[in-house]
Amino acid sequence: MSADALAPVAGPQPDSAGHFGRFGGRFVPEALVAALDELDGAWRTAMADESFRAEFGALLRDYAGTPSLLYEARRFSAKVGARVLLKREDLNHTGAHKVRNVLGQALLTKRMGKTRVIAETGAGQHGVATATAAALFDLECVVYMGQVDTERQALNVARMRMLGATVVPVTNGSRTLKDAMNEAMRDWVANVDETHYLIGTAAGPHPFPAMVRDFVRGIGDEARQQCLDLTGGLPDAVTACVGGGSNALGIFHAFVGDEAVRLYGFEAGGDGVATGRHAASITGGSAGVLHGTRTYVLQDADGQTLESHSISAGLDYPGVGPEHAWLHDSGRATYLPVTDDEAMAAFELLCRTEGIIPAIESAHALAGTVALAPKLAAELGREPTIVVNLSGRGDKDVHTAGDYFGILDKER
Amino acid sequence: MSRIGVAFDKARADGRALLVGCMPAGFPTVEGSIAAMTAMVEAGVDVIEVEIPYSDPVMDGPVIQKASDIALAGGVRTADTMRVVEAVAATGAPVVTMTYWNPVERYGVDVFARDLASAGGTGLITPDLIPDEADEWLAASDAHGLDRTFLVSPSSTDARLAMTVGHCRGFVYATAVMGVTGARARTSDAAPTLVSRTRAVTDLPVGVGLGVGTGAQAGTVAGYADGVIVGSALVRCVLDASSEAEGLAALRTLSAELAEGVRNPVR
């Protein structure tokens, strides 16, 4: 399956300027347009090039370890009241779905003859994945990370440095992912000739949303076939967490044409959307422009970006990929918030029932699934089958989770 | 012709470049920003560029971001910036605004244009809005008689340069360096090339920004451009001052130095 990861499929596509309905597009300084056009051209050419697809497919298989397993989580299923199939992206090299995107973009970087990659990171997963690909492809790598995140994800900072990347803590604004993205954009404007900005999610200006989606689309292509092989049919629902939204788009895309398959994206509800302390851009935001694209944004009455809040650094972002905004407006996918507490309860449940420590990001998808299962069962009159994208592993979150559950021994 | 166009013509007739000075509205306070901009006009700045603060200013460097953050923390609203425009326009100097697209869209594009025009603003510089995405702004600026300044860059292709200036009115903003705002020790070698490429496709005046901080640099840029745009160096006068009076004094000194610079173009 990996070898066909870029094979064309029918499915929703943006227009030639990257508009998903009223969302997407390019809201960028003119200085970046030439680089975005170059990238757009390189991506389209690569997509049509058998040798690129073969190289990408081989990397995904031999280096990243895909196709990832689709695992039937029986003990978790019994607690939840649904047949839950976990798409084990947590088992990929570097521990999350993000390796797929960075391998694709690193290959493109080489094709464009660029020698340096920069990236923004929240939880550090994308930064680690980028530093990994940079090491593999012998590219200089600079990762921008909000200072708040460098503190709560210190382990990933060390991993990036071990891999040879320079990690720059960003002290502007709220000192989280959005500020890291601003800083990466500034670097890109200044160094665009030799630098590729390796955006970590399906957001930002065109062609990033569609391109990143294409690179991670294998998640859904694999899961769809694996589900057919395992159960003889398609699932009733596919669920994923949504921050910027690449893992969700990656698993949704193959199922968009399957009308009977419900698609659910679970946003970070933080302390609860009503409290204002959350990162649920679709549920609690409004249409606006952020980081080069029109999408749903957490913003005040004057269009100033609001600080997001989530226990999960990877979901702690006040925007969302424009394709999700479009899937929401069209009604094809449903977006619901999951609070920190709900996510952590599901985190614990998966640990205890399956011996799998999920990323806190992915725990939002699990929590949403826990809430969804009885509703879906009632509606269908039978046990539903739900494919959950377990987008990453929780090693990086052990400190945060240990704190949350109060299970760390006090330091002397 | 727009008021900015008239000012550019007059400067050109005098054999000098126009000096455009930028300051965020509401920095350090709404009244403080009016005082700062008024001092700049009094000391020789020809055109004031009022930056409407935005939380995520990706084309601005650390100095203007810090000033914008201070303004926003002080509670400045987009509506307050219209008051700043009105007060500064009363000095007689043309006032152009600059901001990122989201605050304009959120305010309401047509309402923004209407309020800006009625406050006496001449137009808007849009650092993250390219003509490709600007249909609503093209319509609103036409409806309310406002100038449109899009940016051109050293990386713009000839086709994009022609397309972009074709949508400009008033003047064109040439970003002299590939990078964000902020005073630099040297201005860019790419700038004269960009200005001549721009002039090849438009009769509009061309302003050059990003990197100018001294009178000598202003003189150098005045040697090949119609306008010299200065932001961070002026903002720093206020940011680094220990009192409002000290900041205003530093602003006057630098403004006068820059005004002298644009009157002595190095050709």
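Residues numbered from 1 in each chain as written. Chains lettered and ligands numbered in written order. Predicted model: local features only at pLDDT ≥ 70, side-chain atom pairs only at ≥ 80, totals over all residues. Heavy atoms only, no water.

**Thoughts on the domain arrangement of chain A**
Residue and element names in this part refer to chain A.
Here is step 1 of the chain: When its domains are assigned, chain A resolves into domain 1 (19-64 + 98-212) and domain 2 (70-95 + 217-405).
Here is step 2 of the chain: Contact residues are listed per partner, giving 40 residues for domain 1 and 39 residues for domain 2.
Here is step 3 of the chain: Between domain 1 and domain 2 lies a buried interface of about 3,200 Å² when both sides are counted; carbon and sulfur atoms form 57% of it.
Here is step 4 of the chain: Taken as a group, Phe 23, Phe 27 and Arg 100 account for 21% of the area that domain 1 buries against domain 2, more than any other trio of residues on that side.
Here is step 5 of the chain: Across the pair Arg 100 and Glu 89 runs a salt bridge, and its minimum N-O distance is 2.6 Å.
Here is step 6 of the chain: Put simply, domain 1 and domain 2 have 12 residue pairs in polar contact (both at pLDDT 80 or more) between them.
Here is step 7 of the chain: Contributions of two or more residues to the side of domain 1 that touches domain 2 are made by strand E2 (23-24), helix H2 (50-64), helix H4 (98-111), helix H5 (125-137), helix H6 (147-152), helix H7 (154-162), helix H8 (177-191) and helix H9 (208-216).
Here is step 8 of the chain: With 5 residues, H8 is the largest single contributor of residues to the side of domain 1 that touches domain 2.
Here is step 9 of the chain: For the side of domain 1 that touches domain 2, the class distribution of residues is 19 nonpolar, 13 polar and 8 charged. (Domains from an automatic or database assignment. Contact = heavy atoms within 4.5 Å. Buried area = accessible area lost by both parts, 1.4 Å probe. Salt bridge = Lys/Arg side-chain N within 4 Å of Asp/Glu carboxyl O. Polar contact = N/O pair within 3.5 Å; in protein donor to acceptor, adjacent residues only side chain to side chain. Helix = DSSP H or I, 4+ residues; strand = E, 2+ residues; numbered from the N terminus. Nonpolar A, V, L, I, M, F, W, Y, C, P; charged D, E, K, R; others polar.)

**Regarding the interface of chain A and chain B**
Buried accessible area, meaning the area lost when the parts come together, often serves as the stated size of an interface.
Here is step 1 of the chain: Taken together, the 34 residues of chain A in the interface contact 34 residues of chain B.
Here is step 2 of the chain: Here chain A and chain B share an interface that buries about 2,900 Å² over both sides, 46% of which is from carbon and sulfur atoms.
Here is step 3 of the chain: The largest share of the area that chain A buries against chain B comes from Glu 30, Arg 186 and Asp 302 of chain A, three residues that together contribute 26% of it.
Here is step 4 of the chain: On inspection of chain A and its partner chain B, the count reaches 4 salt bridges.

**Brief notes about the state of the cysteines**
Residues and elements named next belong to chain B.
Here is step 1 of the chain: All chains considered together, the criterion is met by 0 disulfides over all chains.
Here is step 2 of the chain: Between Cys 237, a free cysteine, and Cys 22, which holds the nearest cysteine sulfur, the sulfur-to-sulfur gap is 13 Å.
Here is step 3 of the chain: For Cys 237, a relative accessible area of 14% puts it in the buried group. (Disulfide = S-S within 2.5 Å. Buried < 20%, exposed > 50% of the residue type's maximum accessible area, 1.4 Å probe, protein only.)

**Brief notes about helix H8 (residues 158-166) of chain B**
Here is step 1 of the chain: The set of residues buried in H8 of chain B consists of Arg 160, Leu 161, Thr 164 and Val 165 of chain B. Along the axis of H8 of chain B, the buried positions cluster into a sector of 120°, meaning they face one direction only. Opposite the buried face of H8 of chain B, at more than 90 degrees from it, the exposed residues are Asp 158, Ala 159 and Gly 166 of chain B.
Here is step 2 of the chain: On its buried face, H8 of chain B sits against helix H1 (33-47) of chain A together with strand E6 (151-152), strand E7 (172-175) and helix H9 (190-199) of chain B. (Arc of directions from axis to C-beta.)

**As for the nonpolar core**
Here is step 1 of the chain: Within the largest apolar cluster, 82 residues are counted, with the highest numbers of intra-cluster contacts made by Leu 32, Leu 103, Leu 108, Phe 137, Met 160, Trp 188 and Tyr 197 of chain A.
Here is step 2 of the chain: The element that contributes the greatest number of residues to this core is H1 of chain A, accounting for 8 residues.
Here is step 3 of the chain: Residues lining this core come from more than one domain, with at least three contributed by each of domain 1 (19-64 + 98-212) and domain 2 (70-95 + 217-405) of chain A.
Here is step 4 of the chain: Listed in part, the 76 residues of the second largest apolar core include Val 289 of chain A together with Met 82, Phe 112 and Val 262 of chain B. (Core = buried A, V, L, I, M, F, W, Y, C linked by side-chain atoms within 4.5 Å.)

**Remarks on the packing of aromatic side chains**
All names here are of chain A.
Here is step 1 of the chain: Throughout the structure, instances matching the rule amount to 15 aromatic pairs over all chains.
Here is step 2 of the chain: With 5.3 Å between their ring centres and 40° between their planes, Phe 23 and Tyr 296 make a pair best called tilted. Of the two residues, Phe 23 is situated in strand E2 and Tyr 296 in strand E12 (residues 293-297); the sequence distance between them amounts to 273 residues.
Here is step 3 of the chain: On the basis of relative accessibility, which here comes to 1%, the residue Phe 23 falls in the buried class.
Here is step 4 of the chain: Ring centres 6.4 Å apart and planes at 20° place the aromatic pair Phe 52 and Phe 56 in the stacked group. (Phe/Tyr/Trp six-rings, centres within 6.5 Å; stacked < 30°, edge-to-face > 60°.)

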